[in-house]
Structure formats: C-alpha cells, structure tokens
Amino acid sequence: MCGGGGGDIIDVITDPVTIITVVAAGILAPGATFSMSAALWAGGSIVAAALFAPSMPELDLTIGADKVTQGRNVSVRQPVAPWRVIYGQCRAGGIFVEMITTASEYLHVFAVMACHEVDSFTKLYLDDKTLTVGTSPFTTSASDSNSIPIYEVTAGDFFDSDSKIRWKFHTGTTTQLADANGVSDITEWTSSHRLRNHAYMYGRMKFHEDIFANGMPGMSAEVKGAKVYDPRDSSTAWSNNPALCVRDFLLNTRYGLKVSAGEINDSTTTVGGFGYAAARCEDTINSNNRYECNGIFDLAQSPKQILDLLLSSCSGKLIYQNGKFNIYVGYHSAPTITLIDKDFIEPVQIVTKLGRKDIFNRIAGTFYDSSNDYIVQEFDPIASTQYKSDDNGEEITADVEFNFTTSATKARELCLIELLKVRQQIAMTCTTSLERGLQIQCGDFVNVTLSNLGFSSKIFEVQEWSLNSANIEGEPTLVCNMMLREADPNVYTNSVLSDIAASKEISTDPNINTTFADATSVTAPTNLTLTDKTGG
C-alpha cells in the first residue's frame, strides 16, 4: 500500500475483500498511533516467511483434499454440490445433474464438469479405459441438429454392436442450447434444459451384462478449462499460465472475487504487473514453460484457499498495494534500489538463523501425473546432504501436495526453489524515511549495504511493508517499517533448476555478499617489538 494517497491505503485495510491480502508473512503491524501495512501472500504450500515450515500447525498443506481432490477424477451424484472451476488442462469428474432410464432401456447421464465455458474436451475416461476424443475407437460420424458432434465407441471393452455408447460434449457457452438428442429421447429433458455457462457431457448407454458386469462405469474427462484474458495482447483464450489464471479468478464476476479492472496492475514491463508475470511464466526452463497451472477447485473453498492453490503452481506471491493487486511469480528481478546506512533512521534488527520449526532439508509430496491419467503420484523427493549435515545430521522433511501441477519435473523444480530459498536465513527489520520507503513495495528485491554488518550490495526481498508513525528525536514522524529476507538470485536460474538430482545443495555461499569476520580464525600478529619503559 505504498505510494498513492492515504485514502487508497485506508480503503485497502477496511475493504472486506482485500483485507485478506495482509497474510502469510505477517499481520498489521502496530505503530505509535496507526499502522497501514502490506505483506506477501504466497501459495498455500509455499508460505512467504516460514515457507515450507514442516511443523506449522496453521498451514494446511493438503488444502481442499476433503472437498475436491478425493473425488477429482470421478463423477458423483449429490443433491447439492458447489460449483467447480477448471484452469489449464486436467482430468475432472463431474456432478450428475440427471440420470434417467427411458423405456428403451437406455441410461442417460448428464454430468456438469465446470460452472463456466471451457475450451474443449480431449479425453473420456470410463473406469480405467481412456478414449481420446476424435480418435479410434471413439469417433464421430454425425452431428445433431445443433451441430454438436456425436461420438460413439466403435471397438474395445465398451463396444456393443447392438447399442453403441453415445457421448456428447457441451463447452458451456452463454448461448448454449439444450442437447437435441436429450430433448428428443427423454420426456423430462426439455428445450429449457440448456445449462448455459456450464460445461457438461451427456452419455447414453444400454446395460450389457458382459460390458457392465460391475455396474455403471466411473466417468471423467480430460478438459482444457477456462478461457482467460491476456493483457499482453488483449486476447481471450485457453491458457495454463498461472499469472493469467490468478488474474481471471480475481476479476471474474461469476465465480471469482469480482475485483474491478482498475485494481489490477496489468503492466507488461514492470515487476508486479500481471503481464510481466505472465511472460516470466512462459520463460523456458528444462525445455518447458517456467510455470504452468493445471487443476480444479470448487467454490466451497475460501478465496484464500483457492488463491493458495493457484499460487503454489508458480512459487507465487500476491499483494495489494497502492490500490492495485500485484503478482510476483518465482523469478529474480535485479534490484534498482540500494539501501545504505543513512537510509535507516533507527537501528536495524537482525535474525541470522531460522528456528527448527521453520527449516527443512528435504521435500517430499504428491502431484497429479498427466502422463499417468492424472493419478496422484509421489515425486522423487528433493533433498540435500549438505543441509542435513548443517542441521546436525537430522533429516527434516516438508510434505507438500501440488494440486495444480501435473508434471513430476515441475513439482521437483518448485520444491528445489523452496529448498534453496529456505537456506537464505538472514532476516532484518528496519525503519526508513518516508521518502525512501515509498519507493519500495512488497515483493521488490533491494540491495542493502551496511558496513557494520558486513553487507555490501547484499540482496534482500521485501516481505513486509508498513507505514507507521514513530517518535524520532522527540518529534512524531511518518516512517516506513519493513521486514527483509535475504535472497539468492541463482535460485531461479535455468542452470540451477536444470539439475534436480535427488540430492541437491546450492553451490554458492548461503550468505552471499556478507563479509563478517570469522570469529573462529584470528590472524597471528606480526612485527611485534618490545620496548623497555621502566628506565632500567
């Protein structure tokens, strides 16, 4: 909330939607008379200040598991169910809104997959069988009167020559019509059953004791989800870019937070802008996009939980400052500001090492594997023998669940970033003049030069920022208080992330640009002389 007028800051603190941005790294910090603050909001599995702290009771590393993830890959029938949202590409089960048997002994099922328009359906899963849409044995030879393709199973385990399984997909447009075959075949399904703004699939099958020996098969589909707006070229199209998906959730008036466009920093050239972050997500790392967002959530989850899930796919941080939402994905931007001795108007306070509950040397967890039908899989843990040695030989594991990551390589890259970041343990709280502090906001990287602490252009990340009043030399003065955490620019580089071996430690000094004297090594004095001062 730096910059701008005081009215903008107060609106942020009092607005019930944006008050939730002051989380993760800290809470509103009290000053002498008032405090107006901002703090980093990071992904649920990746917390700004404590990161993957393995013994943090307040951090739920399996957010939504009881609501979405357990039934994510199967369709279910519920009398009341929350809407579901799909970003990127993933396998999703649906909510049956109608299951009916007609006199012709056909079972008709309608399963809503998402509460919004999707780009397309690419695969159908019946139990453990995968049918690729448009590819034999799941092809189309005709369309209905509304030009919706009709797909049939023409071979394989679910083939019945007398009564082929028929399937249709509706992407959920705002002008969507009721399914023509449903209207003609089912008395109860009328032209009013359009399910506009809801993507759904409609299947028809006839019982066959050999084909359906175990009853109705489990049903799900691979879906390319929501279309999102891209401020870089003003286009709206499908994308699994995390920055664009977060932006869509903030702005969406149907299932999102209904934030106004004026509250979004869409800059493509400055750090914090959604356009800039989107470009960084598409940087090439290990021959793929740096970050991708592929998953599903439901609206029974809180806005914070949902944003946590989205941000976890890009090591991301979200802040609301100066009247706008800003996003910082995991990427190091070179500092443009250097804080020196004269910028600090009160003594700085230093913490040189994190406590046991905030540290780890190994990360293990799960992700949804797109190469194995999106079944939950464990990825090979990222660990460091060096860090384990630094922790007195104790293996300290952080367990994570990546609900919006579908690649083992990407999951391990995200873990490696956090493993390396957590070893940057020096944190400092400081007070600067208002003039200097207003040039900085949460998420920025700054250089710090303090000769008495051995800092020479040492890089820190701003994790908390607050505007306070303080008593300086007997006078009430507006000041900026900040919490800074040391950072290493090498963490996000391709050369580091391309090496995701199971045992990994960073090769650079974990306290870079720090020139403290070594207290355990004393240089022997030289050229000593002894002079007799007694007069003898």
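The structure we're discussing is the one just above.
Residues numbered from 1 in each chain as written. Predicted model: local features only at pLDDT ≥ 70, side-chain atom pairs only at ≥ 80, totals over all residues. Heavy atoms only, no water.

Engineer: Before we move on, could you go through the nonpolar core and cite the residues and values that matter?
Structural biologist: Grouped together as the largest cluster of nonpolar side chains are 61 residues, with contacts concentrated most on Y87, F249 and L250. The element that contributes the greatest number of residues to this core is helix α7 (residues 408-422), accounting for eight residues. In terms of nonpolar packing, the next biggest core, distinct from the first, is built from 33 residues, A92, M113, V133 and F212 among them. (Core = buried A, V, L, I, M, F, W, Y, C linked by side-chain atoms within 4.5 Å. Buried < 20%, exposed > 50% of the residue type's maximum accessible area, 1.4 Å probe, protein only. Helix = DSSP H or I, 4+ residues; strand = E, 2+ residues; numbered from the N terminus.)

Engineer: Can you tell me about helix α5 (residues 303-312), naming the residues and giving the values?
Structural biologist: Burial analysis of α5 places seven of its ten residues in the buried class, the great majority of the element. Within α5, the full set of buried residues consists of I306, L307, D308, L309, L310, L311 and S312.

Engineer: I'd like a description of the packing of helix α3 (residues 242-251) against α5, backed by residues and values.
Structural biologist: Where α3 meets α5, the axes come as close as 10 Å, and the angle between the chain directions of the two elements is 165 degrees. Overall, the two elements α3 and α5 adopt an arrangement that is roughly antiparallel. Crossing of α3 over α5 shows right-handed handedness. Touching C245, V246, F249 and L250 of α3 are P303, I306, L307, L310 and L311, all from α5. (Axes fitted to C-alpha atoms, helices over the stretch in contact; angles between N-to-C directions. Parallel < 35°, antiparallel > 145°, perpendicular 65-115°, else oblique. Left-handed = near helix turned anticlockwise from the far one by under 90°. Contact = heavy atoms within 4.5 Å.)

Engineer: How would you sum up unusual backbone geometry? Please name residues and give values.
Structural biologist: Look at the link from S136 to P137: it is a cis peptide, with omega at 10 degrees. Within the element layout of this structure, P137 appears in the loop between β8 (129-132) and β9 (138-143). The backbone of K258 sits at a positive phi, close to 60 degrees, despite the residue not being glycine. On the secondary structure map, K258 appears in the loop between α3 and α4 (274-281). Its identity is not glycine, yet N286 carries a phi of approximately 50 degrees, on the positive side. Residue placement: N286 occurs in the loop between β15 (284-285) and β16 (288-289). Owing to a relative accessible area of 22%, N286 belongs among the partly exposed residues under this scheme.

Engineer: Account for the packing of aromatic side chains, with residues named and values stated.
Structural biologist: On inspection of all chains with the given rule, the structure shows 13 aromatic pairs. Look at F110 and W189: their rings are 3.8 Å apart centre to centre, the planes differ by 15 degrees, and that puts the pair in the stacked class. Of the two residues, F110 sits in strand β6 (residues 106-114) while W189 sits in the loop between α2 (180-185) and β12 (199-206), which places them 79 residues apart along the sequence. With a relative accessible area of 0%, F110 lands in the buried category. The exposure class assigned to W189 is buried, which follows from its relative accessible area of 4%. Pairing F138 with F169 gives two aromatic rings, centres 6.4 Å apart and planes at 90 degrees, and the pair type is edge-to-face. Remark: F169 occurs in strand β11 (residues 166-170) and F138 occurs in strand β9; sequence separation between them is 31 residues. By the burial criterion, F138 is buried, and F169 matches it. One aromatic cluster is present, built from ring pairs that chain together Y87, F249, F297 and F404. The ring of Y125 is capped by R91, whose NZ or CZ atom sits 4.0 Å from the centre of that ring. A cation sits over an aromatic face here: K458 above F460, 5.6 Å from the ring centre. (Phe/Tyr/Trp six-rings, centres within 6.5 Å; stacked < 30°, edge-to-face > 60°. Lys NZ or Arg CZ within 6 Å of the ring centre and 35° of its normal.)

Engineer: Any chance you could break down the sheet that holds β9 for me, citing the residues and the numbers?
Structural biologist: Taken in spatial order, the six strands line up as β5-β6-β12-β11-β10-β9 in an open sheet, and their pairing is antiparallel. Because the sheet does not close on itself, it has two edges, and the strands there are β5 (95-101) and β9. For this sheet, the mean angle separating the axes of adjacent strands, direction not counted, is 20 degrees. Pairing analysis gives five bridges linking β11 to β12, with the strands arranged antiparallel. Bridged to W167 within β12 is G203. (Pairing = 2+ DSSP bridges.)

Engineer: So, the environment of S433: which residues are in play, and what are the values?
Structural biologist: On the secondary structure map, S433 appears in strand β25 (residues 427-433). Linking S433 and C480, residues 47 residues apart in sequence, is a C-alpha distance of 6.2 Å. Apart from the residues within four sequence positions on either side, S433 is in contact with D343, I345 and C480. A distance of 3.3 Å separates the side chain of S433 from the backbone nitrogen of R436, its partner in a polar contact. (Polar contact = N/O pair within 3.5 Å; in protein donor to acceptor, adjacent residues only side chain to side chain.)

Engineer: Please provide a residue-by-residue account of the sheet that holds strand β22 (residues 362-369), values included.
Structural biologist: Spatially, β23-β22-β24 is the arrangement adopted by the three strands of the open sheet, whose pairing is mixed. With partners counted over all chains shown, the strands left at the sheet margins are β23 (375-383) and β24 (397-402), one partner each. The mean angle between the axes of side-by-side strands here comes to 20 degrees, regardless of whether they run parallel or antiparallel. As judged from the six bridges shared by β22 and β24, these two strands associate in the parallel manner. The partner of A364 across the bridge, within β24, is D399. Sitting on the sheet, α7 touches β22, β23 and β24, and the angle it makes with β23 is about 35 degrees.

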